[in-house]
Amino acid sequence: MSFAPSLVVSPNVELSPSSFGFLDSVRDGSQIPDSSRFFSRNRAANLMSKKQKWGNHSHSTELKYPILCEGGYGSVIAASMVANPAGEMAVSAEQKVYNVVMKQAALVKRQLRTAGELDVKPDIVLPGTLSLLNEAYDRCGEVCAEYAKTFYLGTMLMTPERQKAIWAIYVWCRRTDELVDGPNASHITPTALDRWEARLEELFQGRPFDMLDAALADTVTKFPVDIQPFKDMIEGMRMDLRKSRYKNFDELYLYCYYVAGTVGLMSVPIMGIAPDSQASTESVYNSALALGIANQLTNILRDVGEDARRGRIYLPQDELAQAGLSDEDIFAGRVTDKWRNFMKSQIKRARMFFDEAEKGVLELNKASRWPVWASLLLYRQILDEIEANDYNNFTKRAYVSKAKKILALPMAYARSLLGPS
Ligand SMILES: CC(C)=CCC/C(C)=C/CC/C(C)=C/CC/C(C)=C/[C@@H]1[C@@H](COP(=O)(O)OP(=O)(O)O)[C@]1(C)CC/C=C(\C)CC/C=C(\C)CCC=C(C)C
Ligand SMILES: [Mn+2]
(Lines give C-alpha, C1' and ligand atoms only; values in the text may rest on other atoms or scores of the structure.)
(Ligands and ions follow the chains in the order given, each with its own letter.)
Protein backbone atom coordinates (compact mmCIF):
# COMPACT_ATOMS: atom_id res chain seq x y z
CA MET A 1 0.00 0.00 0.00
CA SER A 2 1.46 3.36 -0.84
CA PHE A 3 1.39 5.67 2.10
CA ALA A 4 2.89 9.09 2.36
CA PRO A 5 3.68 9.57 6.00
CA SER A 6 2.95 12.93 7.48
CA LEU A 7 3.30 13.99 11.05
CA VAL A 8 0.93 16.90 10.95
CA VAL A 9 -0.97 17.07 14.17
CA SER A 10 -4.70 17.45 13.77
CA PRO A 11 -5.77 21.10 13.81
CA ASN A 12 -7.81 20.28 16.90
CA VAL A 13 -6.76 22.89 19.36
CA GLU A 14 -7.47 20.95 22.51
CA LEU A 15 -5.77 17.68 21.96
CA SER A 16 -8.20 14.94 22.57
CA PRO A 17 -6.83 11.45 22.26
CA SER A 18 -8.28 11.26 18.75
CA SER A 19 -6.27 14.21 17.59
CA PHE A 20 -3.20 12.03 17.95
CA GLY A 21 -4.65 9.72 15.39
CA PHE A 22 -2.68 11.41 12.64
CA LEU A 23 -0.84 8.90 10.55
CA ASP A 24 -3.28 6.28 11.59
CA SER A 25 -6.24 4.26 10.59
CA VAL A 26 -8.59 6.98 9.43
CA ARG A 27 -6.36 7.99 6.52
CA ASP A 28 -6.35 4.70 4.71
CA GLY A 29 -9.48 3.18 6.13
CA SER A 30 -7.78 0.49 8.17
CA GLN A 31 -9.69 1.44 11.28
CA ILE A 32 -8.84 -0.15 14.55
CA PRO A 33 -12.07 0.39 16.45
CA ASP A 34 -10.75 -0.83 19.72
CA SER A 35 -7.02 -0.84 19.68
CA SER A 36 -6.85 -2.03 23.27
CA ARG A 37 -7.77 -5.46 22.00
CA PHE A 38 -4.23 -5.70 20.71
CA PHE A 39 -2.92 -6.28 24.15
CA SER A 40 -5.35 -7.23 26.83
CA ARG A 41 -2.58 -8.59 28.98
CA ASN A 42 -1.72 -6.35 31.84
CA ARG A 43 1.93 -5.52 31.74
CA ALA A 44 2.08 -4.02 35.18
CA ALA A 45 3.99 -6.99 36.55
CA ASN A 46 6.70 -6.53 33.94
CA LEU A 47 7.27 -2.95 34.87
CA MET A 48 9.81 -1.95 37.36
CA SER A 49 8.59 -1.43 40.85
CA LYS A 50 8.75 2.19 41.83
CA LYS A 51 10.33 1.08 45.08
CA GLN A 52 13.25 -0.56 43.34
CA LYS A 53 16.63 0.71 44.40
CA TRP A 54 19.02 2.24 41.89
CA GLY A 55 21.32 -0.76 42.05
CA ASN A 56 24.63 -1.47 43.71
CA HIS A 57 26.80 1.23 42.42
CA SER A 58 29.19 3.32 44.31
CA HIS A 59 29.81 6.83 43.22
CA SER A 60 31.08 9.92 44.83
CA THR A 61 28.67 12.72 45.61
CA GLU A 62 30.37 14.72 42.92
CA LEU A 63 29.81 14.16 39.25
CA LYS A 64 31.66 15.28 36.19
CA TYR A 65 30.58 16.56 32.83
CA PRO A 66 32.51 18.53 30.32
CA ILE A 67 31.68 22.10 31.19
CA LEU A 68 33.27 25.45 30.64
CA CYS A 69 35.55 26.69 33.33
CA GLU A 70 37.40 29.90 33.86
CA GLY A 71 40.55 29.93 31.81
CA GLY A 72 39.48 27.26 29.40
CA TYR A 73 38.01 23.83 29.21
CA GLY A 74 38.41 20.81 31.24
CA SER A 75 36.42 18.21 33.02
CA VAL A 76 35.20 20.23 35.88
CA ILE A 77 33.71 18.73 38.99
CA ALA A 78 30.11 19.83 39.21
CA ALA A 79 28.84 19.56 42.73
CA SER A 80 25.81 17.32 42.78
CA MET A 81 24.21 19.29 45.57
CA VAL A 82 24.01 22.97 44.83
CA ALA A 83 22.84 25.64 47.24
CA ASN A 84 20.25 27.96 45.71
CA PRO A 85 20.18 31.67 46.62
CA ALA A 86 17.79 30.91 49.49
CA GLY A 87 20.41 28.60 50.96
CA GLU A 88 18.35 25.46 50.25
CA MET A 89 20.13 22.47 48.79
CA ALA A 90 18.97 21.68 45.29
CA VAL A 91 19.85 18.61 43.28
CA SER A 92 21.88 19.48 40.19
CA ALA A 93 20.66 18.53 36.73
CA GLU A 94 23.50 16.10 36.41
CA GLN A 95 22.58 14.27 39.61
CA LYS A 96 18.95 13.98 38.47
CA VAL A 97 20.01 12.56 35.14
CA TYR A 98 22.56 10.27 36.77
CA ASN A 99 19.80 8.75 38.87
CA VAL A 100 17.78 7.92 35.78
CA VAL A 101 20.84 6.42 34.05
CA MET A 102 21.49 4.15 37.03
CA LYS A 103 17.88 3.05 37.07
CA GLN A 104 17.95 2.11 33.38
CA ALA A 105 21.24 0.23 33.77
CA ALA A 106 19.87 -1.69 36.76
CA LEU A 107 16.79 -2.67 34.77
CA VAL A 108 18.84 -4.09 31.91
CA LYS A 109 21.25 -5.87 34.26
CA ARG A 110 18.35 -7.48 36.12
CA GLN A 111 16.89 -8.71 32.85
CA LEU A 112 20.28 -10.08 31.77
CA ARG A 113 20.59 -12.01 35.02
CA THR A 114 17.16 -13.60 34.70
CA ALA A 115 17.08 -14.25 30.97
CA GLY A 116 20.72 -15.15 30.36
CA GLU A 117 20.75 -12.67 27.53
CA LEU A 118 18.33 -10.23 25.98
CA ASP A 119 15.97 -12.76 24.47
CA VAL A 120 13.16 -11.36 22.42
CA LYS A 121 9.78 -12.51 23.65
CA PRO A 122 7.36 -13.83 21.05
CA ASP A 123 4.58 -11.66 19.71
CA ILE A 124 1.35 -11.69 21.65
CA VAL A 125 -0.81 -13.73 19.33
CA LEU A 126 -4.49 -13.02 19.53
CA PRO A 127 -6.69 -13.90 16.55
CA GLY A 128 -6.20 -11.36 13.79
CA THR A 129 -3.81 -9.15 15.70
CA LEU A 130 -0.51 -10.30 14.27
CA SER A 131 -1.07 -8.91 10.81
CA LEU A 132 -2.32 -5.63 12.29
CA LEU A 133 0.74 -5.48 14.46
CA ASN A 134 2.99 -6.10 11.46
CA GLU A 135 1.14 -3.37 9.62
CA ALA A 136 1.69 -1.03 12.57
CA TYR A 137 5.42 -1.74 12.53
CA ASP A 138 5.52 -1.27 8.75
CA ARG A 139 3.97 2.14 9.21
CA CYS A 140 6.61 3.03 11.79
CA GLY A 141 9.28 1.95 9.30
CA GLU A 142 7.74 4.17 6.61
CA VAL A 143 7.70 7.17 8.91
CA CYS A 144 11.29 6.56 9.97
CA ALA A 145 12.37 6.16 6.32
CA GLU A 146 10.64 9.41 5.41
CA TYR A 147 11.85 11.56 8.29
CA ALA A 148 15.21 10.04 9.18
CA LYS A 149 16.70 8.28 6.18
CA THR A 150 20.07 7.68 7.79
CA PHE A 151 18.63 6.15 10.97
CA TYR A 152 16.40 4.03 8.78
CA LEU A 153 19.21 2.85 6.57
CA GLY A 154 21.28 2.10 9.61
CA THR A 155 18.58 -0.13 11.06
CA MET A 156 18.83 -2.39 8.00
CA LEU A 157 21.63 -4.44 9.55
CA MET A 158 19.74 -5.03 12.79
CA THR A 159 17.68 -8.12 13.49
CA PRO A 160 14.04 -7.63 12.41
CA GLU A 161 12.90 -7.45 16.04
CA ARG A 162 15.40 -4.75 16.95
CA GLN A 163 14.76 -2.87 13.74
CA LYS A 164 11.02 -2.75 14.35
CA ALA A 165 11.50 -1.69 17.94
CA ILE A 166 13.77 1.23 16.96
CA TRP A 167 11.20 2.33 14.38
CA ALA A 168 8.42 2.24 16.98
CA ILE A 169 10.50 4.32 19.41
CA TYR A 170 11.49 6.72 16.64
CA VAL A 171 7.85 7.32 15.74
CA TRP A 172 6.81 7.95 19.33
CA CYS A 173 9.71 10.43 19.77
CA ARG A 174 8.91 12.15 16.50
CA ARG A 175 5.23 12.50 17.39
CA THR A 176 6.16 13.87 20.79
CA ASP A 177 8.54 16.39 19.25
CA GLU A 178 5.94 17.39 16.66
CA LEU A 179 3.60 18.44 19.45
CA VAL A 180 5.82 21.40 20.29
CA ASP A 181 7.70 21.73 17.01
CA GLY A 182 5.06 20.89 14.43
CA PRO A 183 2.56 23.10 12.63
CA ASN A 184 0.09 23.08 15.54
CA ALA A 185 2.68 23.81 18.15
CA SER A 186 1.14 27.19 19.03
CA HIS A 187 -2.01 25.38 20.18
CA ILE A 188 -0.29 22.91 22.45
CA THR A 189 -0.98 23.42 26.14
CA PRO A 190 0.41 21.72 29.25
CA THR A 191 -2.94 19.92 29.48
CA ALA A 192 -2.40 18.44 26.03
CA LEU A 193 0.99 17.16 27.17
CA ASP A 194 -0.62 15.69 30.29
CA ARG A 195 -3.00 13.79 28.03
CA TRP A 196 -0.14 12.57 25.87
CA GLU A 197 1.55 11.32 29.05
CA ALA A 198 -1.61 9.59 30.25
CA ARG A 199 -1.77 7.89 26.90
CA LEU A 200 1.86 6.83 27.26
CA GLU A 201 1.05 5.25 30.62
CA GLU A 202 -1.85 3.41 29.06
CA LEU A 203 0.29 1.98 26.32
CA PHE A 204 2.88 0.81 28.83
CA GLN A 205 0.03 -0.97 30.63
CA GLY A 206 -0.83 -2.76 27.39
CA ARG A 207 -3.65 -0.49 26.30
CA PRO A 208 -2.46 1.38 23.19
CA PHE A 209 -4.68 4.04 21.76
CA ASP A 210 -3.84 3.72 18.07
CA MET A 211 -1.87 1.62 15.70
CA LEU A 212 1.45 3.39 16.14
CA ASP A 213 1.09 3.22 19.91
CA ALA A 214 0.36 -0.48 19.50
CA ALA A 215 3.76 -1.01 17.90
CA LEU A 216 5.45 0.65 20.87
CA ALA A 217 3.24 -1.24 23.34
CA ASP A 218 4.47 -4.46 21.74
CA THR A 219 8.10 -3.29 21.79
CA VAL A 220 8.01 -2.54 25.51
CA THR A 221 6.77 -6.06 26.26
CA LYS A 222 9.74 -7.50 24.39
CA PHE A 223 12.64 -5.36 25.52
CA PRO A 224 13.52 -4.05 29.01
CA VAL A 225 12.49 -0.51 28.22
CA ASP A 226 11.46 1.64 31.17
CA ILE A 227 8.84 4.36 30.97
CA GLN A 228 10.95 7.03 32.71
CA PRO A 229 12.91 8.32 29.67
CA PHE A 230 9.63 8.59 27.74
CA LYS A 231 8.06 10.61 30.54
CA ASP A 232 11.18 12.72 30.74
CA MET A 233 10.97 13.53 27.04
CA ILE A 234 7.45 14.85 27.60
CA GLU A 235 8.85 16.86 30.53
CA GLY A 236 11.31 18.40 28.05
CA MET A 237 8.39 19.49 25.89
CA ARG A 238 6.76 21.07 28.96
CA MET A 239 10.02 22.89 29.62
CA ASP A 240 9.98 24.17 26.04
CA LEU A 241 6.49 25.58 26.59
CA ARG A 242 7.39 27.53 29.71
CA LYS A 243 10.98 28.56 29.06
CA SER A 244 12.85 30.37 26.33
CA ARG A 245 16.09 31.16 28.18
CA TYR A 246 18.63 29.01 30.03
CA LYS A 247 20.49 30.63 32.91
CA ASN A 248 23.52 28.37 32.79
CA PHE A 249 24.78 25.09 31.38
CA ASP A 250 23.20 23.09 34.19
CA GLU A 251 19.76 24.21 33.02
CA LEU A 252 20.60 23.61 29.39
CA TYR A 253 22.03 20.18 30.17
CA LEU A 254 18.77 19.16 31.82
CA TYR A 255 16.82 20.31 28.77
CA CYS A 256 19.19 18.38 26.45
CA TYR A 257 18.77 15.28 28.59
CA TYR A 258 14.99 15.56 28.45
CA VAL A 259 14.68 15.96 24.70
CA ALA A 260 17.62 13.92 23.42
CA GLY A 261 19.58 12.13 26.16
CA THR A 262 16.39 10.19 26.79
CA VAL A 263 16.56 8.81 23.23
CA GLY A 264 19.91 7.24 24.04
CA LEU A 265 18.47 5.62 27.18
CA MET A 266 15.45 4.30 25.27
CA SER A 267 17.64 2.87 22.50
CA VAL A 268 20.28 0.90 24.46
CA PRO A 269 17.91 -1.86 25.68
CA ILE A 270 16.92 -2.42 22.06
CA MET A 271 20.37 -2.23 20.53
CA GLY A 272 21.89 -4.45 23.17
CA ILE A 273 25.38 -4.63 24.61
CA ALA A 274 27.94 -6.95 22.96
CA PRO A 275 28.11 -10.29 24.80
CA ASP A 276 31.90 -9.95 25.02
CA SER A 277 31.79 -6.41 26.40
CA GLN A 278 33.66 -5.94 29.66
CA ALA A 279 32.27 -2.43 30.11
CA SER A 280 29.83 -1.74 32.89
CA THR A 281 26.22 -1.29 31.85
CA GLU A 282 26.31 2.13 33.51
CA SER A 283 29.20 3.27 31.34
CA VAL A 284 27.38 2.23 28.17
CA TYR A 285 24.31 4.17 29.28
CA ASN A 286 26.53 7.13 30.04
CA SER A 287 27.83 7.10 26.48
CA ALA A 288 24.31 6.80 25.10
CA LEU A 289 23.28 9.77 27.19
CA ALA A 290 26.35 11.68 25.98
CA LEU A 291 25.44 11.03 22.35
CA GLY A 292 21.96 12.41 22.89
CA ILE A 293 23.37 15.50 24.63
CA ALA A 294 26.01 15.98 21.90
CA ASN A 295 23.38 15.72 19.16
CA GLN A 296 21.10 18.19 20.87
CA LEU A 297 23.88 20.70 21.58
CA THR A 298 24.84 20.45 17.91
CA ASN A 299 21.21 20.91 16.86
CA ILE A 300 21.04 24.02 19.06
CA LEU A 301 24.26 25.50 17.63
CA ARG A 302 23.07 24.85 14.09
CA ASP A 303 19.69 26.48 14.70
CA VAL A 304 20.65 29.63 16.67
CA GLY A 305 19.23 32.00 14.02
CA GLU A 306 16.08 30.00 13.44
CA ASP A 307 15.39 29.74 17.17
CA ALA A 308 16.09 33.45 17.71
CA ARG A 309 13.45 34.28 15.11
CA ARG A 310 11.01 32.39 17.36
CA GLY A 311 12.25 34.40 20.35
CA ARG A 312 14.22 31.48 21.77
CA ILE A 313 17.81 31.31 22.90
CA TYR A 314 19.03 27.85 23.89
CA LEU A 315 22.43 29.09 25.06
CA PRO A 316 23.73 29.51 28.62
CA GLN A 317 23.03 33.12 29.56
CA ASP A 318 25.93 33.32 32.00
CA GLU A 319 28.41 32.19 29.35
CA LEU A 320 26.98 34.67 26.85
CA ALA A 321 27.47 37.45 29.39
CA GLN A 322 31.03 36.29 30.12
CA ALA A 323 31.75 36.50 26.40
CA GLY A 324 30.39 40.07 26.37
CA LEU A 325 27.28 39.08 24.42
CA SER A 326 23.61 39.80 25.04
CA ASP A 327 20.27 38.61 23.68
CA GLU A 328 20.24 41.72 21.46
CA ASP A 329 23.46 40.61 19.77
CA ILE A 330 21.82 37.33 18.92
CA PHE A 331 18.62 38.92 17.66
CA ALA A 332 20.72 41.27 15.53
CA GLY A 333 22.60 38.24 14.16
CA ARG A 334 25.99 39.91 13.94
CA VAL A 335 28.97 37.60 13.46
CA THR A 336 31.64 39.36 15.49
CA ASP A 337 34.87 38.10 17.00
CA LYS A 338 33.12 37.89 20.36
CA TRP A 339 30.53 35.63 18.75
CA ARG A 340 33.17 33.51 17.01
CA ASN A 341 35.02 32.98 20.29
CA PHE A 342 31.83 32.11 22.09
CA MET A 343 30.90 29.63 19.36
CA LYS A 344 34.35 28.04 19.46
CA SER A 345 33.90 27.21 23.12
CA GLN A 346 30.38 25.85 22.58
CA ILE A 347 31.57 23.66 19.70
CA LYS A 348 34.42 22.40 21.83
CA ARG A 349 31.98 21.34 24.53
CA ALA A 350 29.72 19.53 22.06
CA ARG A 351 32.76 17.65 20.73
CA MET A 352 33.65 16.55 24.27
CA PHE A 353 30.24 14.90 24.54
CA PHE A 354 30.76 13.19 21.17
CA ASP A 355 34.14 11.88 22.42
CA GLU A 356 32.43 10.52 25.53
CA ALA A 357 29.81 8.84 23.34
CA GLU A 358 32.41 7.16 21.11
CA LYS A 359 33.67 5.04 24.00
CA GLY A 360 30.31 3.34 24.35
CA VAL A 361 29.61 2.59 20.68
CA LEU A 362 32.30 -0.10 20.65
CA GLU A 363 30.47 -1.90 23.46
CA LEU A 364 27.18 -2.23 21.60
CA ASN A 365 26.04 -5.33 19.77
CA LYS A 366 27.77 -5.63 16.41
CA ALA A 367 24.69 -4.98 14.27
CA SER A 368 23.74 -1.91 16.29
CA ARG A 369 27.09 -0.18 15.97
CA TRP A 370 26.68 0.88 12.34
CA PRO A 371 23.58 3.08 12.72
CA VAL A 372 24.99 4.65 15.84
CA TRP A 373 28.34 5.43 14.20
CA ALA A 374 26.51 6.78 11.16
CA SER A 375 24.39 9.14 13.23
CA LEU A 376 27.39 10.16 15.35
CA LEU A 377 29.66 10.91 12.37
CA LEU A 378 26.95 12.76 10.48
CA TYR A 379 25.80 14.87 13.38
CA ARG A 380 29.35 15.70 14.44
CA GLN A 381 30.08 16.97 10.93
CA ILE A 382 27.47 19.68 11.42
CA LEU A 383 29.93 21.27 13.86
CA ASP A 384 32.61 21.30 11.13
CA GLU A 385 30.11 22.96 8.80
CA ILE A 386 29.38 25.71 11.34
CA GLU A 387 33.12 26.40 11.41
CA ALA A 388 33.26 26.33 7.61
CA ASN A 389 30.47 28.95 7.59
CA ASP A 390 32.74 31.17 9.72
CA TYR A 391 30.29 30.73 12.65
CA ASN A 392 27.42 32.40 10.85
CA ASN A 393 24.64 30.28 12.25
CA PHE A 394 22.24 33.22 12.10
CA THR A 395 21.52 33.21 8.39
CA LYS A 396 23.42 30.19 7.03
CA ARG A 397 22.22 26.72 7.88
CA ALA A 398 25.09 24.31 8.42
CA TYR A 399 24.34 21.14 6.59
CA VAL A 400 26.23 18.05 5.58
CA SER A 401 26.24 17.56 1.80
CA LYS A 402 24.78 14.45 0.23
CA ALA A 403 28.26 13.40 -0.91
CA LYS A 404 29.62 13.65 2.65
CA LYS A 405 26.58 11.78 3.97
CA ILE A 406 27.17 8.96 1.50
CA LEU A 407 30.84 8.86 2.43
CA ALA A 408 29.97 8.64 6.13
CA LEU A 409 28.12 5.37 5.67
CA PRO A 410 31.08 3.15 4.69
CA MET A 411 33.19 4.99 7.27
CA ALA A 412 30.61 4.16 9.90
CA TYR A 413 30.52 0.58 8.69
CA ALA A 414 34.30 0.26 8.93
CA ARG A 415 34.21 1.57 12.49
CA SER A 416 31.37 -0.74 13.40
CA LEU A 417 33.66 -3.72 12.74
CA LEU A 418 35.64 -2.72 15.82
CA GLY A 419 34.09 -4.14 18.94
CA PRO A 420 34.96 -4.35 22.62
CA SER A 421 38.71 -4.60 23.15
C1 LIG B 1 20.03 3.91 15.59
C2 LIG B 1 19.72 5.16 16.24
C3 LIG B 1 20.67 6.29 16.09
C4 LIG B 1 18.62 5.18 16.96
C5 LIG B 1 17.91 6.31 17.52
C6 LIG B 1 16.65 6.48 16.74
C7 LIG B 1 15.65 7.28 17.49
C8 LIG B 1 14.75 6.55 18.40
C9 LIG B 1 15.58 8.60 17.24
C10 LIG B 1 14.57 9.53 17.83
C11 LIG B 1 14.93 10.94 17.46
C12 LIG B 1 13.83 11.92 17.77
C13 LIG B 1 12.71 12.06 16.81
C14 LIG B 1 13.87 12.62 18.95
C15 LIG B 1 12.85 13.63 19.33
C16 LIG B 1 13.48 14.92 19.86
C17 LIG B 1 14.43 15.45 18.81
C18 LIG B 1 13.88 15.92 17.52
C19 LIG B 1 15.75 15.46 19.08
C20 LIG B 1 16.76 15.74 18.06
C21 LIG B 1 17.19 14.83 17.08
C22 LIG B 1 17.63 15.25 15.77
O23 LIG B 1 16.50 15.42 14.97
P24 LIG B 1 16.41 16.53 13.86
O25 LIG B 1 17.75 16.86 13.29
O26 LIG B 1 15.38 16.01 12.92
O27 LIG B 1 15.92 17.76 14.68
P28 LIG B 1 14.81 18.80 14.39
O29 LIG B 1 13.55 18.31 15.03
O30 LIG B 1 14.72 18.90 12.91
O31 LIG B 1 15.34 20.04 15.05
C32 LIG B 1 18.02 15.17 18.17
C33 LIG B 1 19.13 16.11 18.01
C34 LIG B 1 18.34 14.12 19.22
C35 LIG B 1 18.58 12.76 18.63
C36 LIG B 1 19.21 11.89 19.66
C37 LIG B 1 19.64 10.68 19.36
C38 LIG B 1 19.50 10.11 18.00
C39 LIG B 1 20.28 9.87 20.46
C40 LIG B 1 21.19 8.84 19.90
C41 LIG B 1 21.76 7.95 20.94
C42 LIG B 1 21.73 6.61 20.82
C43 LIG B 1 21.03 5.94 19.70
C44 LIG B 1 22.44 5.78 21.83
C45 LIG B 1 23.68 5.15 21.22
C46 LIG B 1 24.42 4.34 22.18
C47 LIG B 1 25.69 4.55 22.57
C48 LIG B 1 26.27 3.63 23.57
C49 LIG B 1 26.54 5.65 22.09
MN1 LIG C 1 12.81 19.50 16.87
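Each remark here, short or long, concerns the structure printed above.
Now for a quick tour of the structure.

Here is what the cut-offs are and how they apply
- Residues numbered from 1 in each chain as written.
- Chains lettered and ligands numbered in written order.
- Predicted model: local features only at pLDDT ≥ 70, side-chain atom pairs only at ≥ 80, totals over all residues.
- Heavy atoms only, no water.
- Patch = residues over 30% accessible without salt bridge, like charges linked within 9 Å, V, L, I, M, F, W, Y side chains within 5 Å.
- Areas by Shrake-Rupley, 256 points an atom, 1.4 Å probe, with all protein chains shown as cover.
- Salt bridge = Lys/Arg side-chain N within 4 Å of Asp/Glu carboxyl O.
- Helix = DSSP H or I, 4+ residues; strand = E, 2+ residues; numbered from the N terminus.
- Phe/Tyr/Trp six-rings, centres within 6.5 Å; stacked < 30°, edge-to-face > 60°.
- Buried < 20%, exposed > 50% of the residue type's maximum accessible area, 1.4 Å probe, protein only.
- Lys NZ or Arg CZ within 6 Å of the ring centre and 35° of its normal.
- Bend = angle between axes of the 7 residues up to and from the residue.
- Near = heavy atom within 4 Å.
- Polar contact = N/O pair within 3.5 Å; in protein donor to acceptor, adjacent residues only side chain to side chain.
- Nonpolar A, V, L, I, M, F, W, Y, C, P; charged D, E, K, R; others polar.
- Donors = N, O, S within 2.8 Å, 3.2 Å for Na, K, Ca; no water.
- Contact = heavy atoms within 4.5 Å.
- Expected span 1.5 Å × (residues − 1).
- Arc of directions from axis to C-beta.

On the surface, L157, Y413 and L417 cluster together into a nonpolar patch covering about 280 Å² of accessible area. Along the chain, L157 turns up in the loop between α4 (149–154) and α5 (160–181).

A few words on the packing of aromatic side chains. Tallying each qualifying case throughout the model produces 15 aromatic pairs. Between Y246 and Y255 the ring centres are 5.4 Å apart and the planes differ by 45 degrees, which places this aromatic pair in the tilted class. Exposure class is identical for Y246 and Y255. Each is buried. Geometrically, the ring pair formed by Y246 and Y314 is stacked, given 5.7 Å between the ring centres and 25 degrees between the ring planes. Remark: Y314 occurs in the loop between α11 (304–309) and α12 (317–322) and Y246 occurs in the loop between α8 (228–242) and α9 (249–271); sequence separation between them is 68 residues. Accessibility classification places Y246 together with Y314 in one group, the buried group. Three or more aromatic residues link up through ring pairs in this structure, and these residues are W172, W196, F204 and F230. Over the ring of Y246 we find K243, and its NZ or CZ is 5.0 Å from the ring centre. One cation-aromatic arrangement involves R415 over W373; the distance from NZ or CZ to the ring centre is 4.9 Å.

The next point concerns α9. Think of an α-helix as 3.6 residues a turn; residues three or four steps apart then line up on the same face. Remark: the principal bend of α9, roughly 50 degrees, maps to Y257. For α9, a buried count of 21 out of 23 residues is recorded, marking the element as mostly surrounded by other parts of the structure. Positive phi shows up at G272, right after α9, with a value of about 80 degrees.

Neighbouring ligand 1 are 31 residues, the closest being F151, R174, V259, N299 and Y379. Within the side chain of D177, an N or O atom sits 3.4 Å from an oxygen atom of ligand 1. Between ligand 1 and the protein, one listed contact pairs an oxygen atom with a side-chain N or O atom of Y379 at 2.5 Å. In the complex, 91% of the free accessible area of ligand 1, which totals 1000 Å², lies under the protein chains. Looking at the shell around ligand 1, the elements that each hand over two or more residues are α5, α9, α10 (281–302), α14 (337–361) and α15 (366–388). With nine residues, the top contributor of residues to the shell around ligand 1 is α10. When grouped by side-chain class, the residues that make up the shell around ligand 1 number 18 nonpolar, nine polar and four charged.

It is worth spelling out the pattern of salt bridges at this point. Tallied over the entire structure, the rule returns 35 salt bridges. Ionic pairing is found between E161 and K222, a salt bridge with its closest N-O pair at 3.6 Å. Placement of the pair is E161 in helix α5 and K222 in helix α7 (residues 211–222), with a sequence separation of 61 residues. Relative accessible area serves as the criterion here: at 24%, E161 is assigned to the partly exposed category. For K222, a relative accessible area of 1% corresponds to the buried category. A salt bridge links E197 to K231, with the nearest nitrogen and oxygen atoms 3.5 Å apart. Placement of E197 in helix α6 (residues 190–204) and of K231 in helix α8 is noted, with a sequence separation of 34 residues between them. Just as E197 is buried, K231 falls in that class too.

At the metal site, the manganese ion (ligand 2) is ligated by D177 (OD) and D181 (OD), and these contacts range over 2.2 to 2.8 Å. Of this pair, D177 and D181 are both found in helix α5, four residues apart, which corresponds to roughly one turn of the helix.

What follows is about the environment of L376. As for its position among the elements, L376 is in helix α15. For L376, a relative accessible area of 0% translates into the label buried. Here the alpha-carbon distance between L376 and N295, two residues 81 residues apart in the chain, equals 7.8 Å. Residue contacts for L376: discarding those within four places in its chain leaves L291, F354, A357, E358 and V361.

With 15 residues, α6 should cover 21 Å at 1.5 Å per step; its first-to-last C-alpha distance of 21 Å lies within 8% of that length. Regarding α6, the residues found buried are A192, L193, W196, E197, R199, L200, L203 and F204. Viewed along the axis of α6, the buried residues span an arc of 160 degrees, placing them on a single side of the element. Where α6 is buried, its residues touch α5, α7 and α8. Backbone geometry just downstream of α6 places G206 in the positive-phi region, at approximately 90 degrees.

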